[in-house]
Amino acid sequence: MQDQDTKSLWGDAFSRLVRDRWALISLIIVLAYSLIALLASFGVGVPDWKTSMGAEYLPPGGSLWLGTDLFGRDVFAKVIHGTKIAMSVGLVTSLIAIPIGVVIGALAGYFGGWIDDIISWFITTFSSIPNIMLLISITLILGKGLTSVYLALGMTGWVGLARLIRGEVMKHKEREYVQAAGAIGGGHLRKLFIHILPNVTHLVIINTSLQFQTAIKSEVILSYLGLGVQGEPSWGTMIDDARMELARGVWWQLAGATVAMFIVVLAFNILGDALRDALDPKLKGK
Amino acid sequence: MTNYIIRRLLYLIPVIFGVSFIIFILFNVVAGDPAPLLLGKHATAQQIHDLREQLGLNKPLFAQYMDVVRSSFTLDFGRSWATRQDIYDMIRQGAWPSLTLTIPAFAISTIVSVLLSLVVAFYRGKGIDLFIRFLCIAGMSISSVAYILFFQYFLAYKMGWFEISGYEPEFPQFLSYVALPGIIWIVLSLGPDVRFFRTVILDEIYQDYVRTARAKGLGEITVLLKHVLRNAMIPIITYVVIQIPFLILGALLLESFFSIPGLGGITLNALNSSDFPVIKAMAVLSSIAYILFSLLTDVLYTLADPRVKLK
Amino acid sequence: MERPLLSIQDLTVDFITRDNSMRAVDKISFDVPMGKTVGIVGESGSGKSVTSLAIMRLLPQPPANISGKILFDGTDLLALPDDEMRKIRGNKIAMIFQEPMTSLNPVFKTGAQVAETLMLHRGMDKKTAWEKAIDLFNEVGIPNPSQKVHAYPHEMSGGQKQRVMIAMAIACDPKLLICDEPTTALDVTIQKQVIELLQGLQEKHRMSMLFITHDLGVIADVADEVVVMYRSKMVEKDKTRSIFEKSNHPYTKGLIACRPDLGANPKRLLTVSDFMDEEGNSLKVTKERVQVFEKNYEAKNDSPILLEVKDLHTHFPIKGGLFGRKVGEVKAVDGVSFQLKRGKTLGLVGESGCGKTTLGRTILRLIEPTSGSISYEGKDITHLPNEQMRLLRRKMQIIFQDPYSSLNPRMTVGEILTEPLVVHGLGGGKSERLNTAKELMEKVGLKANQLNRYPHEFSGGQRQRICIARALMLRPEFVICDESVSALDVSIQAQVLNLLLDLQQEFKLTYIFISHDLGVVNFISDEVGVMNKGKLVEMDRADRIYKNPREEYTKTLLSAIPKGLPKNLEAFLS
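Residues numbered from 1 in each chain as written. Chains lettered and ligands numbered in written order. Predicted model: local features only at pLDDT ≥ 70, side-chain atom pairs only at ≥ 80, totals over all residues. Heavy atoms only, no water.

(A) Local environment of the overall build of chain A. Each helix and strand in chain A was counted, giving 11 helices and 0 strands. Dimensions of chain A, computed from C-alpha atoms along their principal axes, come out at roughly 75 × 50 × 35 Å. Residues classed as buried in chain A amount to 55% of the 286 residues present. For chain A, the proportion of contacts with a sequence separation of at least 24, taken over those separated by at least 6, is 71%. About 12100 Å² of surface is accessible on chain A, with carbon and sulfur atoms providing 67% of the total. Averaged over its 23 positive side-chain charges, chain A has a centre that lies 4 Å from the centre of its 21 negative ones. (Helix = DSSP H or I, 4+ residues; strand = E, 2+ residues; numbered from the N terminus. Buried < 20%, exposed > 50% of the residue type's maximum accessible area, 1.4 Å probe, protein only. Contact = heavy atoms within 4.5 Å. Areas by Shrake-Rupley, 256 points an atom, 1.4 Å probe, with all protein chains shown as cover. Lys, Arg positive; Asp, Glu negative; His and termini not counted. Charge placed at Lys NZ, Arg CZ, Asp CG, Glu CD.)

Shown next, in the form of C-alpha cells:
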C-alpha cells in the first residue's frame, strides 16, 4: 500500500457520507439554506418582504410565486426571511446547548463520584419538568422575542446531549487505550481531552443536526403561540397567520412556510441518519 | 428491591428542591413583578405594595425560596392568582378532559407503532421498509402546528367529519371532540415511535441468540415475535412509560387549539397570565410523576429482564 | 463404499455488497462420513465459520451468494425450499456456537429454550417437552437438572451454558452436529470437560460431527479427518494423524510447527513464513532452525532483584443496602508475594477471573492496592505520590491484550508512538521524536514510513507490534505483557513471541508475562506462577512446574491441556 492512501476515521466517514446519494443531496440542501440565510441577513440578493407588492391575498402566480398576505406583501420574500430566522435559531441554540452538554456530560462521565452525583441530579431535575413548560416559561420571563427564543432553546437543549456524552465517556474511560495513556504517565487532562473527547465528537456532530431541527420546529411553535419573533416574519408567525386565512381559502402562507420548513428539516433528518451510519464505529461492518 | 424503591423515593427530596430552585430562579428572581400585572393598569402604589406583602414577595430572597420549597413539599399550592380558584379544584376539573384525549391517543399510537415497526423489521432492507422509514422521517419534518391547522380545516371544517372545537365531558359525547386532536396526536407520534422501535428491534436481530433460534429451525416470524420482541420490550418499556407523566399534563397545543378545557390549556393560560402558583403546581406535580414513573420503569424492567436485580 | 452423511461439493460463498464483493469460501469440497468427526481448522477470516453457517443456510442472502452443492443424506440443502430447510435445522442437523454467553436468549429460562426445540420438531406438548428437557440436562451433565431447567442463562456459568446449548442441539437426535469453536471462549479445564462430553454423546447417539476450531491441539483430540482452510481455500484434507505426521502443504506445516508446546522449548518458534512465502510457495527449512534448545534457567540468577511484591491485596467493594454502603468485597488479588530478578521473565497463568490481570495493573499502580507492598529497585512504591509515580512510569510499561481497543483510533501511529515522549518532555523536538519512533517501528518489524497511518489500517498482529513499540518508546526496564498474544492467530502469535524475546535481549528487559495459555507461558518464561482465586498457588522454575507440579490445582490445569499429537518437525524439513 502506498503511503499517501492513508485515511483517518474522519476522512473515511466523509467519503462514505458523500457516496450516499441522499445524504449528499441533504447536505447540499442544508448548505443552500445556510447560504440563503446568510444572504438574507445582509439583505443581499433576496426579495424585499416589507413593502406591499399589490392587493391583499393575491393567489400565487406571475412574479409573486407564493402570492401576497393581508398587507399585500410578497409571501415568498417572507419565506426567505423566515429561513434566516430558522437557521439562526438552529445555529445560536446549538452554540449554546452543545458546549454546555459536552462539558457537563464529560465531567460527570469522566470523574464520576460526587461530581457525577450532582450533575445527574441536575439532569434529572431538568428532565422532570416538561420541556415545553420550561420553554414557554423562559421565553415569557425574558420577554417575547428572538433573543428569548435563543436562550430558552439553548438552555433546555443540552440535557439530552449531556446524558449521552456522560454515558459514552464512562465507557471510553475504561477502554484500554485510555488505560494505556495512563500507563505512559498521562494525566486526567490528557486522557479526557486528547484521548476520550475526540472519540465522542461524532456524537456531537450527530446531535448538532438533531439540535438544529428541534430548534427550527420549536421556534415555529413558540412563534405560533405569539412568544417568538416579533415584528418580522418567521415560518411560525406565517403559520399563525394562516389560522385566520384558511377559512377564506388562503392556503399559500401555510403552504409556503410548511414546505420550506419540511425540506430543511427533512434534509437534517436524513443527514443525521447518514452521519450516524457514517460516523458510528459501532455500526461498522454490520 | 425494597431498598432500591426506598432509595429512589428518597431521591424525590433533592429533585423537588431542584425543581423549586428552578421555579424560584425563573419566577422570583428573573421574572418581573407580577403585582402590577395582576392588579391592572390603574393600581395604586399602595395596592401593589399590599399585594406584594400578601404574596410574600417583599420577603428576602432566601425566605421566598423557602416558601417555594415549603409549598412544594406540602403540595399546598393555594389558589390561582388569576382566577382565585383552588388549584386542586382546577386540576380535578382539567384532568378528565386531558386524559380522555391523551390516554386513548397514546395507547393507540403505541400499539400501532409497535406493530408497524415489527412489519418494518421483518421486511428490513426491502422496499416496504424504506418506504415506511421515509414516511416516518417525512412526517416528522412537518410542523405540528401545520398538522393541526390543516387537519382542522380539512377534516372538520371542509368535510365536517369532526367537531371543529369545544368539549363535553359526558361519555360518549366527548369522543366526537377528542377524536380529531387524538388523530393528530397519533400522526405526530407515529414517526418518532416507529423509528425508535425499529432501531431497537434491529439491534436485537443481529444478536447471537437470534442465530441460535434460527438454528433450531424456528421460522422468521416466530423468531421475531417470540425471541426478538421479548428482548426489544426492555427499551420499549422505558421509552413508553417515561412518557406517561407528561400525558397528565395533557397536550398543550392541541388542547388550546381545540378549546379543550384540560390541564394543558390551564397551564398555557397560567403561563400567559404569570399565574405563578398554578405553574408551580404543574411543575412540581409533573416532576413527582416523572420520578414515580421512572421508578415504575425500573420495576417493570425486573419483570421484562430476568438479569436485572434492583439493589 | 457407504454414502457419506454430508458431502460438500465446490461450495463457494461470496459476500456481495454495493461497493465490493468478497469471496469468503472458494470452491471447497469434502465429505463427512457417518459417525465420524471431521475437523475444519484455520485462522480468523479463513472461511471456516462461513462454511458451517452455509451448511445450516443461516447466512443472510443477500449479501451472501452461495453456489455449489451441499448434499445431506443425498438431498441438496441449497435447493430446498425454506420451510423444508427449517425442518432439518435443529432436527437432523444441529449446531452449537462459540459464544455460550450470548448464544442463549437472556430472557427465557434455559429449560424453555431446550423444550422449544422439542415442541417444534417432535410435536411434544409443553409438559412432555419440559420433562425431556430435564432428561437432556441430566445427560449433558448439568447438576440438579430438575431445578436448573428453571434457571435463566445469566444464572449459569459459561461451561453450563455451553452444556445447555449442547442439550438443545442433541434434543432431536440429530445425525450431524456442527460445532463452531465450541470451546474457544471457555477456560481450559472446562474445555476438557465439554470435549469429553461431546465425544461421549457422539458415540452414544452415533452422530457425525463437523468440528470447527483454530486450535490444532483440540482438533487432534477430536477429529478423525482434518480439513485445513487458508484464505478462503481448502489447502489440505487428510486423516488427522497423517496431517500431523507428514503434511504436504507448507501452510499446514507452519501452523503445526508454530504452536508452542509443553514438551520442547525451541530457541525461537517457527512461523508460517518459515515454510511459505507471500505467494504460497514452499520454502526450505534448515535443521538447526527447528533444533530444540535447552533454556538456561540459571542464566541471570545472580542479577539484582528488580521487583518485589509482598502480601499484596487488591479488593473491590460490593455495594448494597439502603445507601449503597459497602456490604462485602471481591478479593481480586488476595495476598500475593514474589520477587523478580532483573532480566528474567515471570509467567503468570490462571483461568479467567483468577486475578492475574488485576495483579499486573496493581503492580503498575493503575489500580490502587488495598494493602501489602510493591518495591521497585528496592524502593517502596506502594504509596508513591502521583507525580513521582509518573516519573517511574518511564521505567515500567504495559502491553494490553486487545490490539483493537488499546490504540486510540483517532490518532496516527506517529502521534501514538511519540505521545510517551511528549508526556514526559523527552526525546528532543518533534522531528527527533519521530525519528525515534521510526527506529522502533523497524525494530518491531513495521515500516518506518507508516507513521502517518491510523490504527484501523493495520491488522491485529501489526497493531500489537505498534503497542509494543509504544511501550518501548520510553526505554523501560520492566514490561508487563497482559495477555498480549491471546487475541492473535497462532501463526501471528508465534511471530510476536519471537519479537518479544528479541527485544528482551536487545533492550535488557524484565517481563511479567500474563496469559491463560500454558504453552505460551512455558515458551517465554524463566519462572511461572500459577494463580487461582486471587492467590499465587504455586511458583517455580518453568520446567519444574510443567514436569513436576506440586499443587493439585496446577496438576488439574496441566492435565486439561489438549494432548494433541506430537509434532514431528523432522518430517517437515524440506
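Next comes the rest of the write-up.
(B) Spotlight on the interface of chain C and chain A. Contact with chain C, which involves 32 residues of that partner, is made by 28 residues of chain A. For the pair chain C and chain A, the summed buried area comes to about 2600 Å², and 50% of that belongs to carbon and sulfur atoms. On the chain C side of the interface with chain A, the three residues burying the most area are Arg410, Glu419 and Arg453 of chain C, jointly 27% of the side's total. Scanning the region where chain C abuts chain A turns up 2 salt bridges. (Buried area = accessible area lost by both parts, 1.4 Å probe. Salt bridge = Lys/Arg side-chain N within 4 Å of Asp/Glu carboxyl O.)

(C) Structural context of helix α7 (residues 127-140) of chain B. Here α7 of chain B is 14 residues long and its end C-alpha atoms lie 20 Å apart, about the 20 Å a rise of 1.5 Å per residue gives. Every buried residue of α7 of chain B is listed here: Asp129, Ile132, Cys136, Ile137, Ala138 and Met140 of chain B. (Expected span 1.5 Å × (residues − 1).)

(D) Summary view of empty space enclosed by the protein. Counting across every chain of the model gives 6 cavities of 30 Å³ or more. The space that makes up the largest cavity amounts to roughly 80 Å³. Taken together, the elements giving at least two residues each to the lining of the largest cavity come down to α10 (208-215) of chain B together with β6 (93-96) and α7 (158-170) of chain C. Per element, the largest residue contribution to the lining of the largest cavity is 3 residues, and it comes from α7 of chain C. For the lining of the largest cavity, the class distribution of residues is 6 nonpolar, 3 polar and 1 charged. The computed volume of the second largest cavity comes to approximately 60 Å³. Lining the second largest cavity are Ile129, Met133, Leu134 and Ser137 of chain A together with Ile22, Ile23, Leu26, Phe27, Ile279 and Ala283 of chain B. Listed by contribution, the elements that provide at least two residues to the lining of the second largest cavity are α5 (131-142) of chain A together with α2 (12-30) and α15 (276-304) of chain B. Here the lining of the second largest cavity gets 4 residues from one element, more than from any other, and that element is α2 of chain B. For the lining of the second largest cavity, a count of residues per class yields 9 nonpolar, 1 polar and no charged. (1 Å grid on protein atoms, 1.4 Å probe; cavity = no way out; pocket = protein on both sides within 12 Å on 5 of 7 lines; lining within 4 Å. Points joined across faces, edges and corners; volume = space filled by probe spheres on them. Nonpolar A, V, L, I, M, F, W, Y, C, P; charged D, E, K, R; others polar.)

(E) View of the sheet that holds strand β12 (residues 325-341) of chain C. All names here are of chain C. Spatially, 4 strands are ordered β12-β11-β14-β15 in an open sheet, and the strand pairing comes out antiparallel. In this open sheet, the two strands that pair with only one neighbour each are β12 and β15 (379-380). Sheet strands touched by helix α13 (residues 356-363): β11 (305-320), β12 and β14 (371-376). Its angle to β11, the strand with the most contacts, is close to 115 degrees. (Pairing = 2+ DSSP bridges. Axes fitted to C-alpha atoms, helices over the stretch in contact; angles between N-to-C directions.)

(F) Fine view of the environment of Ala106 of chain A. Residue and element names in this part refer to chain A. Relative to the elements of secondary structure, Ala106 occurs in helix α3 (residues 75-111). Overall, Ala106 belongs to the buried group, its relative accessible area being 4%. Spatially, the C-alpha atom of Ala106 lies 42 Å from that of Leu254, the residues being 148 residues apart in sequence. Dropping the residues within four chain positions of it, Ala106 is found in contact with Ile165, Val169, Leu192 and Leu197.

(G) Expanded view of the domain arrangement of chain B. Residue and element names in this part refer to chain B. Taken domain by domain, chain B comprises domain 1 (2-74) and domain 2 (95-304). Taking only C-alpha atoms, the centre of domain 1 and the centre of domain 2 are 33 Å apart. Each partner contributes to the interface: domain 1 provides 15 residues, whereas domain 2 provides 15 residues. Carbon and sulfur atoms make up 80% of the area that domain 1 and domain 2 hide from each other, which totals about 1400 Å². (Domains from an automatic or database assignment.)

(H) Structural context of the environment of Thr124 of chain A. On the secondary structure map, Thr124 of chain A appears in helix α4 (residues 113-128). According to the relative accessible area criterion, Thr124 of chain A is buried, its value standing at 17%. Taking the C-alpha atoms as reference, Thr124 of chain A lies 9.0 Å from Val159 of chain A; in sequence the two are 35 residues apart. Apart from the residues lying within four places of it in its own chain, the contact partners of Thr124 of chain A are Tyr11, Val15, Tyr290 and Ile291 of chain B.

(I) Here's a closer look at α4 of chain A. Taking 1.5 Å as the rise per residue, α4 of chain A with 16 residues should run 22 Å; its terminal C-alpha atoms sit 22 Å apart, in good agreement. Looking only at α4 of chain A, the buried set comprises Asp116, Ile119, Ser120, Ile123, Thr124, Thr125, Phe126, Ser127 and Ser128 of chain A.

(J) Summary view of the pairing of strand β13 (residues 345-349) of chain C. Residue and element names in this part refer to chain C. Counted residue by residue, β13 has 5 buried out of 5 residues, so it is predominantly covered. A two-sided burial pattern is seen for β13, the buried positions comprising Thr345, Gly347 and Val349 on one face and Leu346 and Leu348 on the other. Examined bridge by bridge, β13 and strand β18 (residues 510-515) share 5 bridges and lie parallel to one another. Bridge assignment links Gly347 to a residue of β18, and that residue is Phe513.

(K) Structural view of the packing of aromatic side chains. All names here are of chain B. The tally for this structure, following the rule as stated, stands at 30 aromatic pairs over all chains. Between Phe150 and Phe151, the ring centres sit 6.3 Å apart and the planes meet at 75 degrees, which makes this aromatic pair edge-to-face. Between Phe257 and Phe258, the ring centres sit 5.6 Å apart and the planes meet at 65 degrees, which makes this aromatic pair edge-to-face. Judged by its relative accessible area of 10%, Phe257 is buried. (Phe/Tyr/Trp six-rings, centres within 6.5 Å; stacked < 30°, edge-to-face > 60°.)

(L) A look at the sheet that holds β18 of chain C. All names here are of chain C. Within the open sheet, the 6 strands sit side by side as β16-β17-β18-β13-β19-β20. Their pairing is mixed. Two strands bound the open sheet, and with one partner strand each, they are β16 (396-399) and β20 (535-541). Taking each pair of neighbouring strands and ignoring which way they run, the sheet shows an average axis angle of 15 degrees. In the sheet, β16 pairs with strand β17 (residues 478-482) via 4 bridges, with the strands oriented parallel. Each bridged residue has a counterpart across the sheet, and for Met396 the counterpart in β17 is Phe478. Sitting on the sheet, helix α17 (residues 460-472) touches β16 and β17, and the angle it makes with β16 is about 175 degrees. Along the sheet face, helix α18 (residues 490-507) touches β13, β16, β17 and β18 and points at about 160 degrees away from the line of β18.

(M) Fine view of the pairing of β20 of chain C. Residues and elements named next belong to chain C. As judged from the 6 bridges shared by strand β19 (residues 527-532) and β20, these two strands associate in the antiparallel manner. Note that in β20 the partner of Asn532 across the bridge is Lys535. Taking the residues between adjacent antiparallel strands as the criterion, β19 and β20 are bridged by 2 residues, where Lys533 takes a positive phi near 50 degrees.

(N) Fine view of the interface of chain A and chain B. Across the boundary between the two partners, chain A contributes 40 residues, which contact 42 residues of chain B. In this assembly, chain A and chain B are joined by 1 salt bridge. Two residues, Asp273 of chain A and Arg195 of chain B, come together in a salt bridge whose shortest N-O distance is 2.8 Å. Those elements that place two or more of their residues in the side of chain A that touches chain B are α4, α5, α9 (188-224), α10 (235-245) and α11 (252-279) of chain A. Its residues assigned to classes, the side of chain A that touches chain B comprises 26 nonpolar, 9 polar and 5 charged.

(O) Here's a closer look at unusual backbone geometry. Residues and elements named next belong to chain C. Backbone geometry places Ser232, a non-glycine residue, at a positive phi of 70 degrees. Looking at where Ser232 falls in the secondary structure, it is placed in the loop between β9 (225-230) and β10 (233-239). Owing to a relative accessible area of 11%, Ser232 belongs among the buried residues under this scheme. Even without being a glycine, Lys508 presents a positive backbone phi close to 55 degrees. Along the chain, Lys508 falls in the loop between α18 and β18. For Lys508, a relative accessible area of 63% gives the class exposed.

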